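Chain by chain, the residues run as shown.
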2 protein chains.
Amino acid sequence: MLQARRHLIRAARTGAAEAPLGRPGARAGRSPVVAPLAARSVARGMHPLARGDENAQLYAYDHGVKSAFDAIVPVLKQVSALQHEADFELQAQTIARRELGFELPVSLLADAWVEQLDMRRLFAWCVFETYRRFCDEVFTTDPLGTGGDSEFQAFLQTCGFHTLDISPCADGRMAHVIRYVLRLPYRPVRRRSYAGGLFDIADSLDKWVETELFRFREGRPNTADEPTRYLKAVVYHYSSVDPAHEGCAAHGSDTARAARAGVERLLEFQQAVQNTHCCGASIDQLLIGMDTDTDAIRIHTTDSAGGIDLDHYIDARDIYDCTRALSVIEAQEWITGHVQAASPGTSEGMSRFMVHLLTNNLSQIDYVLRYHGGHYSDTGHAERFIGVGIGFEEVQLRNLTYFAYLHTVEEGGQDLDVGIGIFKRLNVAHGLPVPVVVRYDYHGHVPGARERATGRCRRVAGALNERYPDLSAQGLLHTLLVIRDVNAAGRIEVLDCSVGAHLTQEIH
Amino acid sequence: MLQARRHLIRAARTGAAEAPLGRPGARAGRSPVVAPLAARSVARGMHPLARGDENAQLYAYDHGVKSAFDAIVPVLKQVSALQHEADFELQAQTIARRELGFELPVSLLADAWVEQLDMRRLFAWCVFETYRRFCDEVFTTDPLGTGGDSEFQAFLQTCGFHTLDISPCADGRMAHVIRYVLRLPYRPVRRRSYAGGLFDIADSLDKWVETELFRFREGRPNTADEPTRYLKAVVYHYSSVDPAHEGCAAHGSDTARAARAGVERLLEFQQAVQNTHCCGASIDQLLIGMDTDTDAIRIHTTDSAGGIDLDHYIDARDIYDCTRALSVIEAQEWITGHVQAASPGTSEGMSRFMVHLLTNNLSQIDYVLRYHGGHYSDTGHAERFIGVGIGFEEVQLRNLTYFAYLHTVEEGGQDLDVGIGIFKRLNVAHGLPVPVVVRYDYHGHVPGARERATGRCRRVAGALNERYPDLSAQGLLHTLLVIRDVNAAGRIEVLDCSVGAHLTQEIH
């Protein structure tokens, strides 16, 4: 009976004509124009599988962090208006303490009576100080911790995978993809963000090799004779509200192109592993699309050989709508049956993993419905700073950071140009500087690693200022240099800040 | 009796006072002022262990290649003198064919009657064309081939090592260290040259990981349960003729500093392996010094824990002098006894390997005696071009190439600056341009690898011209862009040449 009901719902939602290859539930081609989720499933309640408590907790955290950054401009406006009053410093610090939770650097306030307050420096300093406090919170109180790292790793292995390596687009609207959109613990999942999801094959190949060696030598996360594989996923994105303009910039807002590029890169990585290592060495692959307005995902179906079908995918929006009136058990069964029917060639383990991701995503769809009316009001870019380098695992929030994952400005110049372009519109157009956090994580147990990370920070900061000399000269580009010892799992360490060398101690 | 004789010779050469720790034969501290080898061992004949035939073959090859490069300037002088004559092109091509073995590009000669010949372009073109022909010879006729690749690999394993990874200084006077100075086959030995021998630890760590995985998965070069190790060697250098000026520029011609830096880097690499991988993971290390005037090496002694003794080493010059009057068998036994006595804590396998290198080096000392009167006349830099990128295994000749092993100009800028400084004195001071070959090797069986190597070449060439805008604008910096598929083991592929786009086809 449940089977019949499932089919009824599915037929009502997608229609046989939409699945030309006869796969039930797999939608063909670019999705037909569908009304935004908010309109279809008015925010009148929770999905039976949505985790309301977790949603409330995640929203409170997101809201708290964003509010801290967004308080900066209003506070500085107040401070600016006061700068020629007699008790300016006292008033300014009172406001800052109350609204921001910290005092402003005395050195930047003290000269206001002689000259104008340097609002650019002050703004950059506040962004960096807020970032530092945000990092400290993540690394000391673990607000996003799920406590389920080892459970997830165990589940992953029962699905046939020992490592999950995800490359989303570097777009800030996807920075929350691991912890929010897919509801995965962020520590056991490897995230490497690249513009357009076009990850570096050599980097992934190195990780594959390292992972295999750990399995062989140390039996972690499992021994090499376990029949599990390295799972590499690409997450591309699109916009259901404004598909022609707010999709992936790296692919000209062309969803089909973004998906195709993701598949091509995954295939290249797979072939790189197969051709470099013999004896059946390979990887498994997953292609996921994400609507940056609703956070709904779609997972492309795979055949029995693990090949990704560009034209067919399972959309979590459909699942949400088809199962929202069911009981928990009915909904779970519906999803399992739906995935198996839509992707019959897929291995049992991969099917189970897809069910896991799609089910998790229902909570996020619910989250966007409940807290953002079905789709975000900031459909476009609204990042608060640019993050350059290697690291930033603490950033799991949407539209907080534009990432440029790079070793050198020379190699990552194009990604950086995109980010600087975004911040020219967001900040420079309003007279505010571009705040760039240059960050390199390092392994403290490797001799000299800290010194090399420090050297990298300084080299990249120098190259940044050379690449954007006009911004730099006008005080419209500010950098904070930080490193972090991933072995110590502690706080970030602030090396330097362009706002003024004498501020470093105050930031510390 | 032989034992007594050996000790007699040793005592006569080094004296007890020179080995304060009581190790026979191990010389202490910075070497006492010793007359150059030529003066001590007049070039009156071959050492019993020197391979005269190989020396003749290696000399002929070196001489042939250098002569080809060195013919360029005299030919261009002749051509320049003729440029306003009526049958200029005919005469120029006749001379070029006869002296260089190839014709000059018609496009560069054709306009000579209108304007001056562009000698800078012509010079760069000739250097690049000679380089291309030189590469083709290496990759098609294998003039340096020993045919002993697999024998060497087998011997290495009997000594307790499965990989030999050598980092010499990037100085062009050490480019022949593998094939000439140490008389090793160049294909099975990994060479990574860095200024001052200060190799990149992350690069070596990646190679260590990859090597171990191949042992585990594919049993090559041997299975992981074989008790062999990865042997990493650093070769620093000094000058016996002009120690204060012609030593290692990266270490201010300070031999002790160069040696110490090498040991520190080796220890850091060892600790990086030990701390990143458990279960007894480690490497073995070797520190070698080389006199760039005589090509004599000295190998630092090691203790039973594999620790390198900075203050004690075994000098091949001493061995040469002490054994030159012996028979082949006597000499071999003398060297074995000498190494064991000088480095009693060293493992039997490492001792055997040290004996192998020291014995091989006797041929090179003989080579320099016979063909260069005991020391090279070009004690300083005399490189013919700069090689930038990853590759250049074909360059096994002294003072032919200044290497800058790099992925980006941003990271390798300091090495490049040193190279450009050398070529300002060698070429620019005489109005000639700096010829730079930008080269990236790639694995053709990895999808997209050729495109990535091509992209790297173009990016690095662009960054080079940006870094040295004055040279670039004056036509004093020319680049040849080449790639090579190491899986195909074929010729290099020319991508582009700054001499003029229309020349690329002619170069091909």
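What counts as what
Residues numbered from 1 in each chain as written. Chains lettered and ligands numbered in written order. Predicted model: local features only at pLDDT ≥ 70, side-chain atom pairs only at ≥ 80, totals over all residues. Heavy atoms only, no water. Contact = heavy atoms within 4.5 Å. Buried area = accessible area lost by both parts, 1.4 Å probe. Salt bridge = Lys/Arg side-chain N within 4 Å of Asp/Glu carboxyl O. Polar contact = N/O pair within 3.5 Å; in protein donor to acceptor, adjacent residues only side chain to side chain. Helix = DSSP H or I, 4+ residues; strand = E, 2+ residues; numbered from the N terminus. Buried < 20%, exposed > 50% of the residue type's maximum accessible area, 1.4 Å probe, protein only. Domains from an automatic or database assignment. Pairing = 2+ DSSP bridges. Axes fitted to C-alpha atoms, helices over the stretch in contact; angles between N-to-C directions. Least-squares fit on C-alpha atoms with pLDDT ≥ 70 in both. pLDDT = per-residue confidence, 0-100. Expected span 1.5 Å × (residues − 1).

(A) Local environment of the interface of chain A and chain B. Every contact between the two is made by 34 residues of chain A and, on the other side, 34 residues of chain B. Approximately 3000 Å² of surface area, both sides summed, lies buried where chain A meets chain B, with 60% of it carried by carbon and sulfur atoms. The largest per-residue losses of area from chain A upon contact with chain B belong to Leu213(A), Arg217(A) and Glu410(A), which jointly make up 24% of the total buried on that side. Between chain A and chain B we count six salt bridges in total. When the shortest N-O distance is used, the salt bridge between Glu268(B) and Arg452(A) registers 3.8 Å. Across the chain A-chain B interface, the total number found is 13 residue pairs in polar contact (both at pLDDT 80 or more).

(B) Representation of the environment of Glu333(B) in the model. Residues and elements named next belong to chain B. Of note, Glu333 is situated in helix H13 (residues 328–342). Using a relative accessible area of 42% as the deciding quantity, one classes Glu333 as partly exposed. In sequence terms Glu333 and Thr323 are 10 residues apart; their C-alpha atoms lie 9.8 Å from each other.

(C) Structural context of the domain arrangement of chain A. Its domain assignment divides chain A into domain 1 (2–13 + 148–372), domain 2 (71–117) and domain 3 (381–507). Look at where the C-alpha atoms of domain 1 of chain A and domain 2 of chain A centre, and you get two points 47 Å apart.

(D) Inspection of the sheet that holds strand S11 (residues 477–485) of chain A at higher detail. Residue and element names in this part refer to chain A. Strand order in the open sheet formed by five strands is S9-S8-S10-S11-S12, with mixed pairing between adjacent strands. Strands with a single pairing partner mark the edges of an open sheet, and in this sheet they are strand S9 (401–405) and strand S12 (493–497). The average undirected angle you get between the axes of adjacent strands in this sheet is 25°. Relative to S9, strand S8 (residues 385–390) runs parallel, the two being bridged by five bridges. In the sheet register, Gly387 faces S9, and the bridge partner there is Phe403. Its contacts with the sheet place helix H16 (residues 449–467) against S8, strand S10 (434–442), S11 and S12, and it is angled at close to 155° to S10.

(E) Structural detail: the relation of the copies chain A and chain B. Superposition record for chain A on chain B: RMSD 0.0 Å, screw rotation 180°, translation along axis 0.0 Å. In the structure described here, the two chain copies are related by an operation that fits a two-fold rotation axis. Closest to the rotation axis within chain A is the C-alpha of Leu213(A), separated from it by 2.7 Å. A shared interface surface links the copies, since 100% of the contact residues of chain A are contact residues in chain B too.

(F) Quick peek at the pattern of salt bridges. Inspection of the entire model under this criterion finds 73 salt bridges over all chains. For Arg132(A), the salt bridge is made with Asp136(A), and the minimal N-O distance between the two is 2.8 Å. Residue Arg132(A) and its partner Asp136(A) are both found in helix H7 (residues 119–141); the two are separated by four residues, about one turn of the helix. Residue Arg132(A) shares its accessibility class with Asp136(A), and that shared class is buried. A salt bridge links Asp284(B) to Arg229(B); its shortest N-O distance comes to 3.0 Å. Remark: Arg229(B) occurs in strand S4 (residues 229–238) and Asp284(B) occurs in strand S5 (residues 283–291); sequence separation between them is 55 residues. Exposure remark for Arg229(B): the relative accessible area of 32% places this residue in the partly exposed category.

(G) Quick look at the pairing of strand S7 (residues 308–315) of chain B. Burial runs high along S7(B): six of the eight residues are buried. Remark: five residues form the turn of the hairpin made by strand S6 (residues 297–302) of chain B and S7(B), two consecutive strands paired antiparallel; Gly306(B) in that turn has positive phi of roughly 85°.

(H) Main features of the confidence of the model for chain A. All names here are of chain A. Scored by pLDDT, chain A has a mean of 88; 89% of the residues are at 70 or more. Note that pLDDT drops below 50 for residues 28–44; the model gives that stretch 38 contacts with residues more than four away or on any other chain. Overall, residues 501–508 carries pLDDT values under 50, and its contacts beyond four positions in sequence, including any with other chains, amount to 20 contacts. Listed scores for the predicted complex are pTM 0.86 and ipTM 0.82.

(I) How the structure looks around helix H10 (residues 201–218) of chain A. Residue and element names in this part refer to chain A. Look at H10: 25 Å from first C-alpha to last across 18 residues, which is about the 26 Å you get at 1.5 Å a residue. Ile201, Asp203, Ser204, Leu205, Trp208, Val209, Thr211, Glu212, Leu213, Phe214, Arg215 and Arg217 are the residues of H10 that are buried. Just downstream of H10 lies Gly219, where phi reads positive at about 65°.

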